[in-house]
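# Per-entry structural report
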Amino acid sequence: MRKSIIAGNWKMNKNIEEAMLFANEIKDSSFSKEVEVVICAPFMALYPLQSVFKDTTVKLGAQNMHYKDNGAYTGEISASMLKDAGITYVILGHSERRQYFGETDEIVNEKVKKALEKELIPILCVGETLEEREASKEKEVIAQQVQKALVGISEEDMKKVVIAYEPVWAIGTGKTATSEQANEIIAFIRMQVKELFGEVSQDISILYGGSVKPENIFDIMAQSDIDGALVGGAALKPESFVKLVNYKE
Ligand code: PGA
């Protein structure tokens, strides 16, 4: 069974006090039981958030991590440190990491492998830029990103991987891919996973991300291959986040 996941990606927003205000406002909300609720917060806020959510069904995610276990990597955070803080998920290969911090497919692959080894669930992000889409290269680009990020992963581990399709041109721009466009690419990603790992592809959750908001989530979630959403801007306000999770009501 594919899990429905609604994950908020706060990016570099909210200090500890703001994060705690958000958490206290939503922690007693009645969330749809069919949806796994995830909040990917900045590192500083993760540990205090864990204390608020520990007796709830809300799971926490980080937005990045390093692929080494420990050592002289100034400024980095390891998978074990996240695990130790009670974190369940980690976003890897977000387009902002690729664009501003030079993350390559090879680095993303190392991170995915380390996250799995340490029993964190990777949310692997892939997606094409506007130029790539205008040149009709989106499938080629995405197939490369998927294949390279998943090198050396076992079929057993693949079952735990979550993929997020986030077209770069739709992130934070207000331009959402149409539900059909998103579904087409997500079905294509599932096919790529099938070629690499076989039937496991039917069980993994693939999310859409890029200007998802309470007004469009229902249509997005109604698509056959889309299992959830990774949401930036619209996940920053408690009321909007609760609406996204309870999109069916
Ligand atoms: P957005 O961001 O919802 O603000 O477009 C999505 C993301 O980058 O994960």
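Use the structure listed above.
Here we summarise the structure given alongside this text.

Scoring rules and cut-offs
Residues numbered from 1 in each chain as written. Predicted model: local features only at pLDDT ≥ 70, side-chain atom pairs only at ≥ 80, totals over all residues. Heavy atoms only, no water. Phe/Tyr/Trp six-rings, centres within 6.5 Å; stacked < 30°, edge-to-face > 60°. Lys NZ or Arg CZ within 6 Å of the ring centre and 35° of its normal. Buried < 20%, exposed > 50% of the residue type's maximum accessible area, 1.4 Å probe, protein only. Helix = DSSP H or I, 4+ residues; strand = E, 2+ residues; numbered from the N terminus. Arc of directions from axis to C-beta. Contact = heavy atoms within 4.5 Å. Polar contact = N/O pair within 3.5 Å; in protein donor to acceptor, adjacent residues only side chain to side chain. Near = heavy atom within 4 Å. Nonpolar A, V, L, I, M, F, W, Y, C, P; charged D, E, K, R; others polar. Disulfide = S-S within 2.5 Å. Pairing = 2+ DSSP bridges. Core = buried A, V, L, I, M, F, W, Y, C linked by side-chain atoms within 4.5 Å. Axes fitted to C-alpha atoms, helices over the stretch in contact; angles between N-to-C directions.

Inspection of the entire model under this criterion finds five aromatic pairs. One aromatic cluster is present, formed by Trp 10, Phe 22 and Phe 241 through successive ring pairs. Lying across the ring of Trp 10, Lys 14 places its NZ or CZ 5.2 Å from the centre.

Residues Ala 19, Phe 22, Ala 23 and Ile 26 constitute the buried set of helix α1 (residues 16-26). The buried side chains of α1 occupy one side of the element, clustering within an arc of 95° when seen end-on. Exposed residues lying more than 90 degrees from the buried face of α1 are Glu 17, Leu 21 and Glu 25. Where α1 is buried, its residues meet β2 (35-40), α2 (43-53) and α11 (238-245). Two or three places before Glu 17, at the start of α1, stands the capping residue Asn 15, its side-chain oxygen 3.2 Å from that residue's backbone nitrogen.

This next bit is on the site of the ligand. Around the ligand lies a shell of 13 residues, among which Lys 11, His 94, Glu 166, Gly 172 and Ser 211 are the nearest. A distance of 2.7 Å is found between an oxygen atom of the ligand and a backbone nitrogen or oxygen belonging to Gly 172. One of the backbone nitrogen or oxygen atoms of Gly 232 is found 2.8 Å away from an oxygen atom of the ligand. Per-class residue counts for the shell around the ligand are four nonpolar, seven polar and two charged.

Take the state of the cysteines next. Should the sulfur atoms of two cysteines be covalently bonded, the bond is a disulfide. Inspection of every chain in the model, using the stated rule, returns zero disulfides. Free cysteine: Cys 40, not disulfide-bonded; nearest cysteine sulfur from Cys 125 at 8.9 Å. The exposure class assigned to Cys 40 is buried, which follows from its relative accessible area of 0%. A residue is classified by how much of its surface remains accessible, and Cys 125, at 2% relative accessible area, is buried.

Where the residue is not glycine, phi is negative for most of them; where a peptide bond is considered, it is trans in most cases. Not every positive phi belongs to a glycine, and Lys 11 is a case in point at roughly 55°. Structurally, Lys 11 can be placed in the loop between β1 (4-9) and α1. One non-glycine residue, Lys 14, lies in positive phi territory at about 80°.

Our next topic: the pairing of strand β6 (residues 162-165). Neither face of β6 is open: one carries Val 162 and Ala 164, the other Ile 163 and Tyr 165, and all of them are buried. Two strands pair when backbone bridges link them, and strand β5 (residues 121-126) and β6 are joined in this way by four bridges, in the parallel orientation. In the strand pairing of β6, Cys 125 is matched with Ala 164. Bridging between β6 and strand β7 (residues 206-209) involves three bridges; their strand directions are parallel. By the bridge assignment for β7, Tyr 165 is matched with Tyr 208.

A few words now on the nonpolar core. Nonpolar side chains in soluble globular proteins tend to end up buried together. The biggest cluster of nonpolar side chains holds 71 residues, and the ones touching the most others in it are Ile 39, Leu 49, Met 158, Ile 163, Ile 189 and Tyr 208. The greatest single-element share of this core, amounting to seven residues, is contributed by helix α9 (residues 179-197). Leave out the neighbours within four places in its chain, and Met 158 touches Leu 150, Ile 153, Ile 163, Val 193, Phe 197, Val 200 and Ile 204. Core analysis: the second largest hydrophobic core is formed by 13 residues, Ala 7, Ile 123, Cys 125 and Ala 164 among them.

Another point: the environment of Ala 79. When you line up the elements, Ala 79 lands in helix α3 (residues 79-84). Residue Ala 79 is classed as buried on the basis of its relative accessible area of 2%. Excluding residues within four positions of it along the chain, Ala 79 makes contact with Met 65, His 66, Lys 114, Lys 118 and Leu 120.

Attention now moves to the pairing of strand β4 (residues 89-92). A two-sided burial pattern is seen for β4, the buried positions comprising Tyr 89 and Ile 91 on one face and Val 90 and Leu 92 on the other. In this sheet, β4 lies alongside strand β3 (residues 59-62) in parallel orientation, the contact comprising two bridges. Across the sheet, residue Gly 61 finds its bridge partner in β4, namely Tyr 89. Relative to β5, β4 runs parallel, the two being bridged by four bridges. For Val 90, the partnering residue across the bridge sits in β5 and is Pro 122.

In this section: the sheet that holds β1. Sheets are built from strands that pair by backbone hydrogen bonding, the pairs being arranged parallel or antiparallel. Strand order in this closed barrel of eight strands is β1-β2-β3-β4-β5-β6-β7-β8, and the pairing throughout is parallel. Strand-to-strand twist across the sheet, computed as the mean angle between neighbouring axes with direction ignored, equals 25°. With six bridges joining them, β1 and β2 adopt parallel strand pairing. Residue Asn 9 lies in a different strand from β2, and its bridge partner there is Cys 40. Sitting on the sheet, α2 is in contact with β2 and β3, with an inclination near 170° to β3. Its contacts with the sheet place α11 against β1, β2 and β8 (228-231), and it is angled at close to 150° to β2.

The values are spatial; any link to function lies outside them.
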